[in-house]
Amino acid sequence: MSQLRSIKGTHDILPEHSNKWQDLEKIIHETCKRSGYREIRTPIFEDTRVFSRGVGEDSDIVSKEMYSWEDRDGTSLTLRPELTASVVRSYIQHNLGILSPIQRMYYMGPLFRRERPQKGRQRQFNQFGIEAFGSENPELDAEVISIAWNILEGYDLGEISTLQLNSIGSTECRNNYKEALKDFLRPNLNQLSDTSKNRFETNPLRILDTKSENERRLLEKAPLISDYYTDEDRAHFDSLQQFLSVMNISFIINPKLVRGLDYYSRTVFEFTSSALGSQDALLGGGRYDRLVEMLGGKPTPAIGFAAGIERFLIARESLGETIRPLNNNAYFVCLGEAGIPDVLSLSNTLRKAKINVVSDPLRRSLKSQMREANKSGSRFAIILGTNEIENKTLVIKDLKKGEQKIILQSDLTKFFKDLTS
Ligand code: HAM
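The rules behind these values
Residues numbered from 1 in each chain as written. Predicted model: local features only at pLDDT ≥ 70, side-chain atom pairs only at ≥ 80, totals over all residues. Heavy atoms only, no water. Helix = DSSP H or I, 4+ residues; strand = E, 2+ residues; numbered from the N terminus. Rg over C-alpha atoms; globule rule 2.2 N^0.38 Å. Buried < 20%, exposed > 50% of the residue type's maximum accessible area, 1.4 Å probe, protein only. Contact = heavy atoms within 4.5 Å. Areas by Shrake-Rupley, 256 points an atom, 1.4 Å probe, with all protein chains shown as cover. Lys, Arg positive; Asp, Glu negative; His and termini not counted. Charge placed at Lys NZ, Arg CZ, Asp CG, Glu CD. Pairing = 2+ DSSP bridges. Axes fitted to C-alpha atoms, helices over the stretch in contact; angles between N-to-C directions. Left-handed = near helix turned anticlockwise from the far one by under 90°. Nonpolar A, V, L, I, M, F, W, Y, C, P; charged D, E, K, R; others polar. Expected span 1.5 Å × (residues − 1). Arc of directions from axis to C-beta. Near = heavy atom within 4 Å. Polar contact = N/O pair within 3.5 Å; in protein donor to acceptor, adjacent residues only side chain to side chain.

Draft legend 1. Region of the structure containing the overall build of the protein. The secondary structure content of the protein amounts to 16 helices and 16 strands. Taken against the 2.2 N^0.38 rule, which gives 22 Å for 421 residues, the C-alpha radius of gyration of the protein at 28 Å runs more than 25% over that of a compact globule. Dimensions of the protein along its principal axes, counting C-alpha atoms only, are 90 × 55 × 45 Å. Across the 421 residues that make up the protein, the buried fraction comes to 49%. A separation threshold of at least 6 residues defines the contact pool for the protein, and within that pool the share at least 24 residues apart is 70%. With an accessible surface of roughly 22000 Å², the protein has 48% of that area assigned to carbon and sulfur atoms. Both charge centroids of the protein, one from 58 positive and one from 57 negative side chains, sit 5 Å from each other.

The structure is reproduced here in structure tokens:
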């Protein structure tokens, strides 16, 4: 039988790498909680309509990338390709708006998009993100962006990432702008790619997102959305920029940033990094003041972002980070079968006292066990041989300094406790 392998575009996170995930997850949990955000966990699959209505039928995600299937009762189900629509569904279902006028939530977990796999782009990938409901004021936009900024800084990516910011205005502004953009593009329609020709009909704003050099050149003279802002749009965007500046958050304004999901209005932003290659977005988000209503809730303004965890790790690796060894307090080396019961019970006592300890179940030679102890990243080796069993003692070797000493077995927990006190 041929060897079974993980599906294209999916990856195992191996034990030697999971430490790095946990380091980042810790920063995310701490930073979000510090600003009053609490974790929400929604199901991995949802009614397909959550995404088709929420993200938009014409978006790439819904039209090409969803893993959907018909369930036995005929319902169309979909593995979540993003989390904002799921969180909004949950917000409406549980009436979270009634509990408090402002709801702040964060999340972490796997998502599924059938994209062409490449560096930083998988079919199963992981995101963390936040969503804040209940205010259309720009101070909430500033708060959300500052959390993204703080997580990037906390994970040492501040220096190698750039905040790109734009406002795509209110619905009124976008409708006027779409017409102006179409008028501008119409004489050159035959020069556009098939994708852009389609977008011309369905969502002309997305043409600004094009990767084609030809189209980019053509768009250089295109009208700008900022010329179509209403007074309120302009005041909102100006205040946001002022708030970011007082928080020392630097940004560049990218008037062509539109983002690929249909639910956005006004503020949109992305943190990009040159450390990533062609898939350069570390994190993206924006305001979605109409989405709660579109999914059947009361009109509720909201804003959030999501970030690719794998991309955070790739960017961090570019800083020359090496794999951090497992940081055990001790490795138990046992010489001879007679010591096994003592090793098991002493290890158990240590673990109850919150001391990390691993032991060797292979009954190997002293030399092999000591090699393993060093490899495991343990600070100490605890050695139990025939003499030690007889005298109820242990040899403790400091693997960093090379020194060793003998202690009573009954003093083992105290030995480790004294180190930390
Ligand atoms: P998004 O831009 O589709 O936004 O995804 C956010 C981030 O997820 C991207 O910047 C990227 O880092 C990561 N990402 C996306 N697709 C992949 C992939 N195939 N493989 C690896 N990483 C990927 C959203 O998902 C919105 N829900 C963000 C949001 C939240 N807007 C408001 N609230």
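Draft legend 2. A look at the pairing of strand β16 (residues 404–408). In this sheet, β16 lies alongside strand β15 (residues 393–398) in antiparallel orientation, the contact comprising five bridges. Across the sheet, the residue bridging to valine 395 is isoleucine 406, located in β16. Once β15 ends, the chain turns through five residues before running back antiparallel as β16, passing glycine 402 with a positive phi of about 80°.

Draft legend 3. Molecular detail of the packing of helix α13 (residues 340–352) against helix α16 (residues 412–420). At a minimum axis distance of 10 Å, the contact between α13 and α16 shows a crossing angle of 35°. Note that α13 runs across α16; the crossing there is right-handed. Residues Leu346, Thr349 and Leu350 of α13 pack against Leu412, Thr413 and Phe416 of α16. In terms of residue class, the contact of α13 with α16 is built from four nonpolar, two polar and no charged.

Draft legend 4. Expanded view of helix α6 (residues 138–154). Across its 17 residues, α6 extends 24 Å between first and last C-alpha, which sits within 8% of the 24 Å expected from 1.5 Å per residue. Within α6, 12 of the 17 residues are buried, which leaves it mostly tucked inside the rest of the structure. Pro138, Leu140, Asp141, Ala142, Val144, Ile145, Ser146, Ile147, Ala148, Trp149, Ile151 and Leu152 are the residues of α6 that are buried. Once α6 finishes, aspartate 156 follows within two positions and takes phi at roughly 65°, a positive value.

Draft legend 5. Spotlight on helix α10 (residues 231–246). With 16 residues, α10 extends 23 Å from end C-alpha to end C-alpha; this agrees with the ideal 22 Å at 1.5 Å per step. What α10 keeps buried is the set Asp233, His236, Phe237, Leu240, Gln241 and Leu244. For α10, the arc enclosing every buried residue in end-on projection is 130°, short of the 170-degree limit, so these residues lie on one face. Structural note: α10 exposes Asp231, Glu232 and Val246 on the side pointing more than 90 degrees away from its buried face. For α10, the elements touching its buried residues are α6, β7 (162–167), α7 (171–185), β8 (252–253), β9 (267–272) and β10 (281–287). Directly after α10, the chain includes asparagine 248, whose backbone phi takes a positive value near 60°.

Draft legend 6. Summary view of the side chain of threonine 393. Tracing the backbone through its elements, the reader meets threonine 393 in strand β15. Judged by relative accessible area, which is 12%, threonine 393 ranks as buried. Contact partners of threonine 393, with chain neighbours within four places excluded, come to Leu384, Asn387, Glu388, Ile406, Ile407, Leu408 and Gln409.

Draft legend 7. Seen up close, the site of the ligand. The environment of the ligand is made up of 27 residues, and the closest members are Glu82, Thr84, Glu115, Glu131 and Tyr264. One nitrogen or oxygen atom from the side chain of glutamine 127 is found 3.1 Å from an oxygen atom belonging to the ligand. Side-chain polar atom of tyrosine 263 to a nitrogen atom of the ligand: 3.0 Å apart, as the coordinates give it. Taken together, the elements giving at least two residues each to the shell around the ligand come down to β6 (124–133), β10 and β11 (302–308).

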